[in-house]
Amino acid sequence: MMKKYFTILFFLTLFTSALNAQNITLTGKVVTSRNEPLEGVNIVLLGTNFGDATNSDGIFEIKSVPIGDYTLQASLIGYGKKIYSITKTNYSRFIKIFLSEITLQTDQVIVSAAKHLQNKIDLSVSTAVISPEILSNRNYQTFDEMLRTVAGVQVNLEQVSIRGSSGYTKGAGTRVLVAINGIPFYSGDSGDIVWEIIPVTDIERVEVIKGPASSLYGSSAIGGVINIITKSFAKYPITQFQSYFGMYDKPSYNIWDWSESSRNFYGLAFTHSNSVSDLSYTFSAKKFDNDGYRQNNYFKRNLLYLNLNYKVNDQSRISFFTNYLNMNRGNFLYWKDSRNALVPKDEDNGNYVKSDRLFSGFTYHNNISKTTTLDIKASNYYTKFTGIGLEVTTSTANLSRLEAILNSNLTNSMDNTSGIEASYTSVKSNIFKNPTFFGAGVFTNFDYKFSKSFSANFGMRFDYMKLDTIDGASAITPKAGLNYKLSDQIIMRGSVGTGFRAPTPSEVFTTAGVGGGIDVKENPNLKPEKSVSLELGSLIIISDQINIDAALYQTEYDQFIEPLLTREGKIQFTNITNARIQGAEIIADWQIIPQTISVNFGYNYMWARDVDNNIAMKYRPRHTINTSADLNFYPFSFNFNFRYLSKVEQIDFNLTQPPFALIVDGSKRVPVFVTDFSAIYNFFVSTYPVKIQLNVKNLFNYNYVEFMGNIAPLRNYSIGTEIFF
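Residues numbered from 1 in each chain as written. Predicted model: local features only at pLDDT ≥ 70, side-chain atom pairs only at ≥ 80, totals over all residues. Heavy atoms only, no water.

Student: Is there a simple way to think about the overall build of the protein chain in this case?
Tutor: Within the protein chain one finds 6 helices and 45 strands. The C-alpha radius of gyration computed for the protein chain amounts to 28 Å, which stays within 12% of the reference 27 Å derived for 725 residues, consistent with globular compactness. A principal-axis box enclosing the C-alpha atoms of the protein chain has dimensions of 125 × 70 × 45 Å. Across the 725 residues of the protein chain, 53% fall into the buried class. Of the contacts formed within the protein chain by residues at least 6 apart in sequence, a portion of 61% connects residues at least 24 apart. Both charge centroids of the protein chain, one from 67 positive and one from 63 negative side chains, sit 3 Å from each other. (Helix = DSSP H or I, 4+ residues; strand = E, 2+ residues; numbered from the N terminus. Rg over C-alpha atoms; globule rule 2.2 N^0.38 Å. Buried < 20%, exposed > 50% of the residue type's maximum accessible area, 1.4 Å probe, protein only. Contact = heavy atoms within 4.5 Å. Lys, Arg positive; Asp, Glu negative; His and termini not counted. Charge placed at Lys NZ, Arg CZ, Asp CG, Glu CD.)

Student: Can you help me understand the sheet that holds strand β16 (residues 224-230) in this one?
Tutor: Either a parallel or an antiparallel arrangement is found when strands of a sheet pair, and the pairing is made through backbone hydrogen bonds. The strand order β10-β15-β16-β13-β14 describes an open sheet built from 5 strands, whose pairing is mixed. In this open sheet, the two strands that pair with only one neighbour each are β10 (126-130) and β14 (183-184). (Pairing = 2+ DSSP bridges.)

Student: Explanation requested: the packing of aromatic side chains in the structure shown.
Tutor: We describe a pair of aromatic rings using the distance from one ring centre to the other and the angle between the two ring planes. For the structure on display, the rule yields 28 aromatic pairs. Ring centres of Tyr84 and Tyr634 lie 6.4 Å apart, and the angle between their planes is 70°; this geometry places the pair in the edge-to-face category. One end of the pair, Tyr84, is in strand β6 (residues 82-86); the other, Tyr634, is in the loop between β39 (623-633) and β40 (636-645), with 550 residues separating them in the sequence. Of the residues examined, Tyr84 reaches a relative accessible area of 12% and is grouped as buried. For the ring pair Phe143 and Trp195, a centre distance of 5.9 Å and an interplane angle of 20° mean the geometry is stacked. Placement of the pair is Phe143 in helix α3 (residues 143-147) and Trp195 in the loop between β14 and β15 (203-210), with a sequence separation of 52 residues. We classify Trp195 as buried; its relative accessible area is 2%. Feature note: the residues Tyr244, Tyr248, Phe265, Phe288 and Tyr293 constitute an aromatic cluster, connected by ring pairs. For the cation-ring pair, Arg175 lies above Phe560, with the distance from its terminal atom to the ring centre recorded as 3.9 Å. The residue whose ring lies beneath Arg622 is Trp607, and the NZ or CZ to ring-centre distance is 4.0 Å. (Phe/Tyr/Trp six-rings, centres within 6.5 Å; stacked < 30°, edge-to-face > 60°. Lys NZ or Arg CZ within 6 Å of the ring centre and 35° of its normal.)

Student: Teacher, can you tell me more about the pattern of salt bridges here?
Tutor: A side chain with one charge may pair with a side chain of the opposite charge, provided their charged atoms come close. Scanning the entire structure with this criterion turns up 34 salt bridges. One salt bridge in this structure joins Arg461 and Asp463, with 2.9 Å as the shortest N-O distance. Accessibility expressed as a relative area gives 2% for Arg461, which makes it buried. Sharing partners across several salt bridges, the network here consists of Lys115, Arg401, Glu403, Glu421, Arg461 and Asp463. (Salt bridge = Lys/Arg side-chain N within 4 Å of Asp/Glu carboxyl O.)

Student: Honestly, the pairing of strand β24 (residues 352-367) in this entry has me stumped. Any pointers?
Tutor: In the case of a regular strand, side chains alternate between the two sheet surfaces. Inspection of the sheet shows strand β21 (residues 316-330) paired to β24 by 15 bridges, in the antiparallel sense. Opposite Phe320, over in β24, you have Phe362 as the bridge partner. Where β24 folds back on strand β25 (residues 372-388), the antiparallel hairpin that results is connected by 4 residues.

Student: What's the story with the sheet that holds strand β7 (residues 95-98) in this structure? I'm lost.
Tutor: Within the open sheet, the 3 strands sit side by side as β4-β1-β7. Their pairing is mixed. Only two strands of the sheet have a single partner each, and these edge strands are β4 (59-66) and β7. The sheet shows a mean angle of 25° between the axes of neighbouring strands, direction not considered. Across 6 bridges, the pairing between strand β1 (residues 23-31) and β4 is antiparallel. (Axes fitted to C-alpha atoms, helices over the stretch in contact; angles between N-to-C directions.)

Student: Can you help me understand the side chain of Ser215 in this one?
Tutor: As for its placement among the helices and strands, Ser215 is situated in helix α4 (residues 214-217). Ser215 gets classed as buried once you look at its relative accessible area, which sits at 3%. With residues near it in sequence (within four places) discarded, Ser215 still touches Phe443, Met460, Arg461, Thr477, Pro478 and Lys479.

Student: What is the right way to look at the confidence of the model for the protein chain in this model?
Tutor: Detailed reading of the predicted model is not advised wherever pLDDT is low. Of the residues in the protein chain, 95% reach a pLDDT of 70 or more, and the chain-wide mean stands at 89. Under a pLDDT of 50 for its full length, residues 12-21 has, in the predicted model, 0 contacts with residues more than four places off or in other chains. (pLDDT = per-residue confidence, 0-100.)

Student: Help me understand the pairing of β39, please; the structure alone is not making it clear to me.
Tutor: Sheet topology places strand β37 (residues 597-610) next to β39; 9 bridges connect them, and they run antiparallel. Bridge assignment links Tyr603 to a residue of β39, and that residue is Ile625. Relative to β40, β39 is paired through 10 bridges, and the arrangement is antiparallel. When the bridges of β40 are listed, Asn632 appears paired with Ser637. What sits between β39 and β40 in their antiparallel hairpin is a turn of 2 residues.

Student: Where do I start with unusual backbone geometry in this structure?
Tutor: Glycine aside, residues mostly have negative phi, and peptide bonds are mostly found in the trans state. Residues Tyr634 and Pro635 are joined by a peptide bond in cis, for which omega reads 10°. Here Asn614, not a glycine, exhibits a phi torsion of approximately 50°, which is positive. As for its placement among the helices and strands, Asn614 is situated in the loop between β37 and β38 (615-616). The exposure class assigned to Asn614 is exposed, which follows from its relative accessible area of 62%. The backbone of Asn701 shows a phi angle near 50°, a positive value even though the residue is not glycine. Among the secondary structure elements, Asn701 is positioned in the loop between β42 (688-697) and β43 (705-707).

And the structure:
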């Protein structure tokens, strides 16, 4: 009997061991698209009780799984789900999974509208948020390329305009304040934005405030704010290498084909980020070269970027960043004529500009109490350029800025943001003279929630500006806004605000020939411009997959500054007494299949006119359409982007017609139809995520001008790679 029992036990043990031998263990790691480990990700084999959650290193392990075919699902709140097939042939593989962050309309937070965190659905003004995926997948070589795809935003050559706030002033002055982490970085002399210095590969997201923001940001924000938020610091060492190589297509007409060689461009970027104890850091080096599709249209750029963050204690931290650009570029001003559309005027051929720019910012953040924080921000923007042509133009400017911001949660329903700001600029130039510029402002803003569905804000700023010998100017710019939620799906908003903008040194003092036979004349009598804006809007959240944002807007400008041609044939910045911009905008987002197929559509109607002369304002299209479609079939993803701008009604006709006719055929212009395409393939080399992307810009090689005598980029192709390790 005992023998029989031991025999049964022996075979039972053998059988059990054999069964256990048929079980396997599944292991893997879950990371973000930047290769950062994700903790707390739920890993389940669908239809079973087997599963695990990732640890702080993003590692999961599922033991004792019987042999079979399974479907593995990885999910975490705030990230898109991923599903993988597990078959008998890949049991032994270490599974590495990407999760991409997703943001629902109701989850989006904005930091730029009131200089503190707010839910987008609580705002009283129109905003747009550009996600890091868009920036990464479309291979934008400069930041202004991306802005062209945002509804309500227009870029004429390098000059940005939100809802028609600017036309084209050849880089002199801006009505849109562009900032990095809330620190403005317009140059001290011309007041322009140099897009090339913006570290595109280091951007986390971009916030666009559509409408005047002078009550918080001061003079340069009369047309809106574009705030660039840089990537957060990595807890673990992350190294990113990015490169691309591309070429321009041949011109549409043989007569335009001025070069017998292919026109190429390439870029290399290396970035490393890590944390050591309480210190976090990111540094990057980049190089971009472009032959240019036009003659004398090349550029060579070298950039360095450093960002440091140090946790002093539980209440405070300090951060510092610096961004350096060295650039040498040919200076293409206007075509020779429409038959030589890619060749500059003979007298301009060979002109070039060398420039060095260093932008540095320092921030001290302190949690004074559970309800109050203090931020002190200091920055310096050094710019130097030398233009080589028929004459040598040069300018060196230093703009230093200091700002203190106090954020307080006064009660459960009221927040206050108050601050003080001062800036000083010194310029040494042979075209802007050697002016100094001083500005100071003090501001406060209250956000009050009457109830869960009704909130309001009120703010005011006082500014004083003194430009060298010109009389000082001051302004008080109040604003107010309401937000009312009719339901969880329908949010109404309205705002009224005033704006103030002081003329820049370049608009007042420039006395120089700028090429193309065009000279600029100074205007020491130039006055500051002011504005009053009104917006009514609504956000309709039909479902988690569909939302519609619509707005009506109007801005009245007083003493609007525009460049005009004088009787002597010189450009001079002049105050137009009254200008009015009215319009309507509608933007729709639809996730047709969540995380797989999505489309975005934006339409803007704008009627901008010089009221005194009853004519349209220059370089402002009446109709614009921006639309895109994204298709994600992991590991592939595709993007189509299309934009349309109606033919602008008014340009500088005095420059194109007798008696001056300085730009031959300069009146030729057409509506704009541009289609871009991107294809991305994600894979691993060993355990390192790699992305390969193909981009085709201006897919149909459509020929158009953004400004007189300047053909926009021809169709061009590029292949890029991105690897994290």
